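Now for the letters of each chain:
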Amino acid sequence: TEMDPKLATSYKSDPVDFEYTTRDAIIYALGIGCHAKEDVRYVYEGAEGFTPLPTYIVAPGLQASDITNVPGFPFDLSRILHGEHYIELYAPLPAEGSLRSESRIVDLLDKGSGAAITSEVTTYDAHSGKKLAMQQLTGFQLGSGNFGGARTSPHEKKGAEIPKRAADKILSDNTSDDQAALYRMGSGDLNPLHIDDEFAKVSGFKTPILHGLCSMGFATRHVIKAFANNDATLFKELKVRFSSPVLPGQTLETHMWDEGDRVVFETKVKETGKTVISNAYMVLHGKTGRGQAKL
């Protein structure tokens, strides 16, 4: 089968229901490196102001944006990587909940070296019908480009330019050798690339790699710590590009720039200096000038 953008973007899947408890949100928080001491409101259901981390929305998002059966997109699990991710939350996630997500394919782009497929997922509270979040997930399938499709799209959420000056704040965190094993349980992203040596080799990696969305979770925590006093309810939107893989056990170092109404950031592997999340930004509620978010 051929790449067919017109066919792919006409595809609409059925809504997907997703239920979670405080336990699920906590396993996710531990999967992105939360600590019992300083992050108690994310890892203890009895803590005052307990809240799931905003990026937990990727769990229902990934489930709803299943691209394995999209017509006009010949899917190959061993060649697909997570390319970019955008999240906008309209309200903090409830401590536990029943969600319903609707997904559609907005783009299938020809990037030459590969094909980029973007799905847009809108998530609602299943009981009240309240709209909670919108995400755009871009998968990049290596070797599937040059089919004569468009290179760019009007739907694309553009990344940020990284300022030329030194970073305003830098935070770093070690990932453990078991980070991917824990993250797959918390996120529901069970791609064997992150745990199975043989599958990783077939996909062109020497050993299993960390989920891009796990690195994104670490970076999100860094920005919320540095600019929102570790209050995740101030999260409004986020855009990241995954630019190179991380191995479990490596140290993630996030360089952040205060750009007034938003924080621009990039994340590197400290041991190699390689940028792994690039052209990223986060918007926080109440943040207009430089410095901490104002409540």
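Residues numbered from 1 in each chain as written. Predicted model: local features only at pLDDT ≥ 70, side-chain atom pairs only at ≥ 80, totals over all residues. Heavy atoms only, no water.

S.K.: Looking at this model, I keep getting lost on the overall build of the chain. Mind explaining?
M.R.: The secondary structure content of the chain amounts to seven helices and ten strands. Taking 19 Å as the expected radius of gyration for a compact globule of 295 residues, we find that the chain reaches 18 Å, a close match to that expectation. Expressed as lengths along the three principal axes of its C-alpha atoms, the size of the chain is roughly 55 × 45 × 40 Å. The buried share of the chain, reckoned over its 295 residues, is 53%. Just so you have it, the chain exposes about 13100 Å², and 51% of that area is on carbon and sulfur atoms. Counting 32 positive and 38 negative side-chain charges, the chain places the centres of these two groups 6 Å from one another. (Helix = DSSP H or I, 4+ residues; strand = E, 2+ residues; numbered from the N terminus. Rg over C-alpha atoms; globule rule 2.2 N^0.38 Å. Buried < 20%, exposed > 50% of the residue type's maximum accessible area, 1.4 Å probe, protein only. Areas by Shrake-Rupley, 256 points an atom, 1.4 Å probe, with all protein chains shown as cover. Lys, Arg positive; Asp, Glu negative; His and termini not counted. Charge placed at Lys NZ, Arg CZ, Asp CG, Glu CD.)

S.K.: Even after reading the chapter, I still don't get helix α5 (residues 179-187), so can you show me in this structure?
M.R.: Along an α-helix, residues three or four apart share an orientation, since each turn contains 3.6 residues. Residues of α5 that are buried: Gln179, Ala180, Tyr183, Arg184, Gly186 and Ser187. Around the axis of α5, the buried residues are gathered within 165° of arc, so they sit on the same side. Check the buried side of α5 and you find it contacts α2 (22-31), α4 (58-64) and α7 (212-227). Of the residues flanking the end of α5, it is Gly188, one or two places downstream, whose phi is positive at about 75°. (Arc of directions from axis to C-beta. Contact = heavy atoms within 4.5 Å.)

S.K.: Please explain the nonpolar core as it appears in this structure.
M.R.: Across soluble globular proteins, nonpolar side chains have a tendency to be buried as a group. Ranked by internal contacts, the top residues of the largest apolar core, which has 53 residues, are Met216 and Phe265. For this core, the leading source of residues is α7, giving nine residues. Core analysis: the second largest hydrophobic core is formed by ten residues, Ala8, Ile67, Phe73 and Ala115 among them. (Core = buried A, V, L, I, M, F, W, Y, C linked by side-chain atoms within 4.5 Å.)

S.K.: Explain α2 here, please?
M.R.: Taken together, the buried positions of α2 are occupied by Thr22, Ala25, Ile26, Tyr28, Ala29 and Gly31. Check the buried side of α2 and you find it contacts α3 (40-43), α4, α5 and α7. Within two residues after α2, Gly33 carries a phi angle of roughly 90°, on the positive side.

S.K.: Before we go on, may I ask you to explain the pattern of salt bridges in this structure?
M.R.: Any two side chains of opposite charge can pair, given that their charged atoms come close. By the definition in use, this model includes 15 salt bridges. Across the pair Asp231 and Arg41 runs a salt bridge, and its minimum N-O distance is 3.3 Å. A residue pair is termed long-range when its members are at least 10 positions apart, and Asp231 in the loop between α7 and β7 (235-242) and Arg41 in helix α3 qualify at 190 residues. Since its relative accessible area comes to 16%, Asp231 is described here as buried. By relative accessible area, which is 21% here, Arg41 ends up partly exposed. Salt bridges sharing partners connect three or more residues here, namely Glu38, Asp39 and Lys225. (Salt bridge = Lys/Arg side-chain N within 4 Å of Asp/Glu carboxyl O.)

S.K.: Any chance you could explain the side chain of Arg184 here in plain terms?
M.R.: Within the secondary structure, Arg184 is located in helix α5. The buried charged residue Arg184 lacks any salt bridge, with Asp189 as its nearest oppositely charged partner at 7.0 Å. Filtering out sequence-adjacent residues up to four positions away, Arg184 remains in contact with Asp189, Leu190, Asn191, Ile195 and His211.

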